[in-house]
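Structure at a glance
What follows is the residue order along each chain.
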Amino acid sequence: MARLLQAPPKFHPSEWHIANKMQCARTESQKSRSERMIAESQRLLDEIEKTTQKTQSDVNKKIERRQEDVKFWKQELDNKLEQIVHETEVLLTFKTRLERSLESCKEPLVIVQKCLLNRQRRAGIDLVHDEVEQELVKEAEVIQGVIALLGRTLEQTNEQIRLNRSAKYNLEMDLKDKFTALMIDDYCASLTNNTPDIRYADNAVKIEGNFVSPEDWLDFSNINVEKADKQRNNSLALRALIDGILSQTANDMRKQCEMVNLAFTNRLKEVKDAKHKLEMLLAMVVDETASQEENIAALKKAIVDKEGPVKVAQTRLEARNHRPNMELCYDTVQYGLISEVEEITKSIQRLKDTLAEAETELKSLSRRQLSLEEEIQVKENTLYIDEVLCMQMRESVYINNF
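From a predicted model like this one, the values you see are computed outputs, not experimental measurements. (Residues numbered from 1 in each chain as written. Predicted model: local features only at pLDDT ≥ 70, side-chain atom pairs only at ≥ 80, totals over all residues. Heavy atoms only, no water.)

Looking at the overall build of the chain
- Scanning the chain for helices and strands turns up 6 helices and 0 strands.
- Listed N to C, the secondary structure of the chain is α-α-α-α-α-α in terms of helices and strands.
- On C-alpha atoms alone, the chain measures out to a radius of gyration of 62 Å, which is more than a quarter above the 21 Å that the 2.2 N^0.38 rule sets for 402 residues.
- With respect to the three principal axes, the spread of C-alpha positions in the chain is 245 × 45 × 30 Å.
- The burial tally for the chain puts 28% of its 402 residues in the buried class.
- A fraction of 89% describes how many contacts in the chain between residues 6 or more apart in sequence connect residues 24 or more apart.
- Of the accessible surface of the chain, which amounts to about 27700 Å², a share of 56% is contributed by carbon and sulfur atoms.
- For the chain, the centre of its 60 positive side-chain charges and the centre of its 70 negative side-chain charges are spaced 8 Å apart. (Helix = DSSP H or I, 4+ residues; strand = E, 2+ residues; numbered from the N terminus. Rg over C-alpha atoms; globule rule 2.2 N^0.38 Å. Buried < 20%, exposed > 50% of the residue type's maximum accessible area, 1.4 Å probe, protein only. Contact = heavy atoms within 4.5 Å. Areas by Shrake-Rupley, 256 points an atom, 1.4 Å probe, with all protein chains shown as cover. Lys, Arg positive; Asp, Glu negative; His and termini not counted. Charge placed at Lys NZ, Arg CZ, Asp CG, Glu CD.)

Here we look at the pattern of salt bridges
- All told, the structure shown has 26 salt bridges when counted by the stated rule.
- Notably, a salt bridge pairs E35 with K31, separated by 2.3 Å at the nearest N-O pair. Placement of both E35 and K31 in helix α1 (residues 13-104) is noted, with a separation of 4 residues, approximately one turn of the helix.
- Overall, K31 belongs to the partly exposed group, its relative accessible area being 44%.
- R162 is the salt-bridge partner of E159, the closest N and O atoms lying 2.7 Å from each other. (Salt bridge = Lys/Arg side-chain N within 4 Å of Asp/Glu carboxyl O.)

Describing the packing of helix α4 (residues 214-305) against helix α6 (residues 332-394)
- At their nearest, the axes of α4 and α6 sit 7 Å apart, and the two run at 160° to each other. Overall, the two elements α4 and α6 adopt an arrangement that is roughly antiparallel. The element α4 and its partner α6 pack so that their crossing is left-handed.
- Residues of the contact of α4 with α6, tallied by class, amount to 26 nonpolar, 7 polar and 18 charged. (Axes fitted to C-alpha atoms, helices over the stretch in contact; angles between N-to-C directions. Parallel < 35°, antiparallel > 145°, perpendicular 65-115°, else oblique. Left-handed = near helix turned anticlockwise from the far one by under 90°. Nonpolar A, V, L, I, M, F, W, Y, C, P; charged D, E, K, R; others polar.)

Points about unusual backbone geometry
- One non-glycine residue, N325, lies in the positive phi region at around 45°.
- With respect to the helices and strands, N325 occurs in the loop between α5 (307-320) and α6.

What to know about helix α2 (residues 106-119)
- Taking 1.5 Å per residue, 14 residues should reach 20 Å; α2 reaches 20 Å between its end C-alpha atoms and fits that length.
- Listing the buried residues of α2 in full gives P108, L109, I111, V112, C115, L116, N118 and R119.
- Buried residues belonging to α2 abut α1, α3 (131-190), α4 and α6. (Expected span 1.5 Å × (residues − 1).)

Regarding the packing of aromatic side chains
- Using the criterion set out here, one finds 2 aromatic pairs in the structure.
- Aromatic pair F72 and W73: ring centres 5.6 Å apart, planes at 80°, arrangement edge-to-face.
- Judged by its relative accessible area of 46%, F72 is partly exposed.
- Accessibility expressed as a relative area gives 11% for W73, which makes it buried.
- Above the plane of the ring of W217 lies R66, whose end atom (NZ or CZ) is 3.8 Å from the centre. (Phe/Tyr/Trp six-rings, centres within 6.5 Å; stacked < 30°, edge-to-face > 60°. Lys NZ or Arg CZ within 6 Å of the ring centre and 35° of its normal.)

Some remarks on the side chain of Q67
- As for its placement among the helices and strands, Q67 is situated in helix α1.
- Among residues more than four places away in sequence, those in contact with Q67 are L182, D185, D186 and A189.

Notes on the nonpolar core
- Among the nonpolar cores identified, the biggest contains 36 residues, and L136, L150, I242 and F264 are the most heavily contacted of them.
- Those elements that provide at least two residues to this core are α1, α2, α3, α4 and α6.
- Looking at this core element by element, the count peaks at 12 residues for α4.
- With residues up to four places along the chain from it excluded, the contact list for F264 reads R119, V132, L136, D386, C390, M391 and R394.
- Of all hydrophobic cores here, the second largest spans 12 residues; its members include V70, A167, L182 and A228. (Core = buried A, V, L, I, M, F, W, Y, C linked by side-chain atoms within 4.5 Å.)

Describing the side chain of D185
- Considering the arrangement of structural elements, one finds D185 in helix α3.
- Buried charged residue D185 carries no salt bridge. Nearest counter-charge: R66, at 4.6 Å.
- Setting aside anything within four residues of it in sequence, one finds D185 in contact with I63, R66 and Q67.

A short note on the packing of α1 against α2
- Between α1 and α2, the shortest axis-to-axis distance is 4 Å and the interhelical angle comes to 15°. In this view, α1 runs roughly parallel relative to α2, as classed from their interaxial angle. Only K106, E107 and P108 of α2 make contact with α1, whose side of the interface consists of L102, E103 and S104.
- Looking at side-chain class alone, the contact of α1 with α2 contains 2 nonpolar, 1 polar and 3 charged residues.

In C-alpha cells, the structure reads:
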C-alpha cells in the first residue's frame, strides 16, 4: 500500500526541454504535411472540377450532336414516309383504275359470247364459219387475254401496295423510336447539376446486351430509307407500266371491236344482196309459174279442142264403112279420113306429152319456188340474228380509257 502511494518519478529539465522541442517538431511536421495535403487536395479539387466540367461539357456537346443526328435522320425518315404514303395513295388510284377496267371487260365478253351463241341459230347454208365468226372468236380471245393481263397486273399492284405499306411501317417504327430517343436526349440536355430530379441510379453504367453500335444504328435507318426509296421507285415503274397496259388493252379491244362491227356490216350487206337476188329469182319463178300454168291450160284446151275433129273423122269412117258392095271403095276420101284420124291422134299424143312435160316443169318450178322461199327465210333469220340481236346488242359496248 505504501508502494502504491509513492510519488511518480521526476524528469530532468533537459528531458523536459527535449520533449517540448519534440512536440514542436512533430507539430510543425504535422502542420506541414497537413498544409501540403490541403494544397494537394485543392489542386485535385480544381483539377477534378475542371475535368468534370470539361467532361460534362463534352457530353453536352455530344448530346447536341446526337440530337442533330437524330433530327437529321428523323427529317429524312419523315420525308421518305411522306413520299411513300403519297406514292401508295396514288398507286391505290391506279389499282382502282385496274379494277374498273377489269370490271368493264365483263360486259363485252358476255356480249361477244352471246353473239357467238346467237349465230349458232343460223340455219342451212348460212351456218358458215364466216369472217364475222372469225373476228368474234378473235375478240373473245383478245378480251380474255386482256382480263388475264389485268388480273396479273392487279395482283402485282396489290403486292406492291403491300411492300409500300411494309416500308411505311418500318419508317413509322423507326420514326417512333427516333421521336422517343429525341425526347429522352432533349430531357438529358435539359438536365443540370441543380436540376431537382437528378438522382443516383444503380447499375446505370453498363452496356446491355441489346445495345447496338453507332454503325448499326446508322445502317438501320439507312436501310429503311433505301428500302422505302426502292419500293417507291418500283411503284413509280409499276404505275408507268399500268398506264401503258390500260392504254394498250383499251386500244386492242377498241380496234377488235371495230373489226367485228366492220365484219358484221360487210356480212349484212352480203346477206342482204343475196336475199335481194333470191327475191328477184323468186319473182321470176312466180312469173314463170304463172306462164307455165297458162301454157298447161292452153295445152289442155287444145287437147279438148281436138276431140271434135277426131270424133268427126272417126264418125265419117264409121259411116263410110257401111257403104254397100263395090261402093266400099278405098278411095281418096277414105285415105284422107284415115290420115286425118292418125294425124289428129298423133297431135293429141304430142299435146299430151307436152302437157306432161309442162306439168313436170310446173312441179319443178313449185319446188324451186319453195326452195327460194325457204332460202329467203334463212336469210331473213340470219339478218335478224346479225342485225337485230347482235348489232343492237353491240351498240352498248363502249371501251373506256381508265
